[in-house]
Amino acid sequence: GLHSDQYVQCAQLFSYPKHAEIICTALSEKIKNNFSKIDIILSPALGGIVVGYEMGKQLKTRTIFAERDSDKLSLRRGFTIPRGANVLVVEDVITTGKSALECSKIVEINKANLTGFACIIDRSDNNVLIKEKIISQIKIKIDIYKVNELPDKLKKIPATKPGSRNISNDKN
């Protein structure tokens, strides 16, 4: 329900694997310096899959992802989280933290330990629902507005939602 005049798309970064590897190497170092034991990396589909995989590769850690089913993130494809496992939630971009928090609920349901959150870009600027520390490669401040508070320049632009949050699974 929030609007801005800028959208951050990490898929463009990941279309250049060598560049993405450099960014992810720096993020993996920050993760190592902030979290002691990680058994599993959990990422939300779709945006978090590539960065989650790369973090798993660099940290030599098992990596799984959650995907939307009936508008709710859940583990599928035989993925499991063992009881007591230390789980790091990794995203490409955190804006409000909704998808990352949905992943943390999966960790809780499986009676595992949420180690923390990490992302390439943190653009939450204190508007995030996550109360724990977020480790990011970069923080970006991008103004966001509620629909009833849009500045005139945004009122003239049709709203688009390029992310994957509202992608539905066609069951047919």
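Details of the structure are given in the entry above.
Below is a short write-up of the structure.

Describing the packing of helix α2 (residues 17-34) against helix α3 (residues 48-59)
Running from N to C, α2 and α3 point in directions that differ by 65 degrees, and their axes come no closer than 9 Å. Our pair here, α2 against α3, has a crossing hand that is right-handed. Of the residues in α3, those in contact with Glu-21, Cys-24, Thr-25, Leu-27, Ser-28, Ile-31 and Lys-32 of α2 are Val-51, Glu-54, Met-55, Gln-58 and Leu-59. Residue composition of the contact of α2 with α3, by class: six nonpolar, three polar and three charged.

A look at the pattern of salt bridges
Enumeration according to the criterion identifies eight salt bridges in this entry. In this structure, Arg-76 and Glu-67 form a salt bridge, with 3.7 Å as the shortest nitrogen-oxygen distance. Note that Arg-77 and Glu-67 form a salt bridge whose closest N and O atoms lie 2.6 Å from each other. With Arg-77 in the loop between β4 (72-75) and β5 (86-94) and Glu-67 in strand β3 (residues 62-69), this residue pair connects regions lying 10 residues apart in the sequence. With relative accessibility at 62%, the residue Arg-77 sits in the exposed group. In this structure Glu-67 comes out as buried when scored by relative accessible area, which is 10%. The network of salt bridges with common partners includes Glu-67, Arg-76 and Arg-77.

What about the sheet that holds β4?
The sheet built from six strands is open, its strands ordered β4-β3-β2-β5-β6-β7 with mixed pairing. Strand pairing shows two members of the sheet lacking a second neighbour, β4 and β7 (134-139), which therefore form its edges. Across the sheet, the mean angle from the axis of one strand to that of its neighbour is 25 degrees, orientation sign disregarded. Taken together, the eight bridges between β5 and strand β6 (residues 113-122) define a ladder with parallel strand orientation.

Definitions and cut-offs
All residue numbers refer to position in the chain's written sequence, counted from 1. Whole-chain, interface and lining totals are the exception, using all residues; otherwise, since this is a predicted model, local features are given only for residues with pLDDT of at least 70 and side-chain atom pairs are given and counted only at 80 or more. The basis for the side-chain values is all heavy atoms of the structure; hydrogens and waters are excluded. Between the N-to-C directions of two axes lies an angle of 0 to 180 degrees, each axis being a line fitted to C-alpha atoms and, for a helix, fitted only over the stretch in contact. The way it works is that DSSP assigns letters per residue, a run of H or I at least four long becomes a helix, a run of E at least two long becomes a strand, and they are numbered from the N terminus. Handedness of each helix crossing follows the sense of rotation of the near helix against the far helix: counterclockwise by less than a right angle gives left-handed, clockwise gives right-handed. Should any heavy atoms of two residues lie within 4.5 Å, those residues are counted as being in contact. In the scheme used here, Gly and all other residues not listed as nonpolar or charged are polar, with Ala, Val, Leu, Ile, Met, Phe, Trp, Tyr, Cys and Pro taken as nonpolar and Asp, Glu, Lys and Arg as charged. What makes a salt bridge here is a side-chain nitrogen of Lys or Arg within 4 Å of a carboxyl oxygen of Asp or Glu, nothing more. Accessibility here uses a 1.4 Å probe with only protein chains present; expressed as a share of the type maximum, an area under 20% marks a residue as buried, one over 50% as exposed, and anything in between as partly exposed. For two strands to be treated as a pair, DSSP must find no fewer than two bridges joining them.

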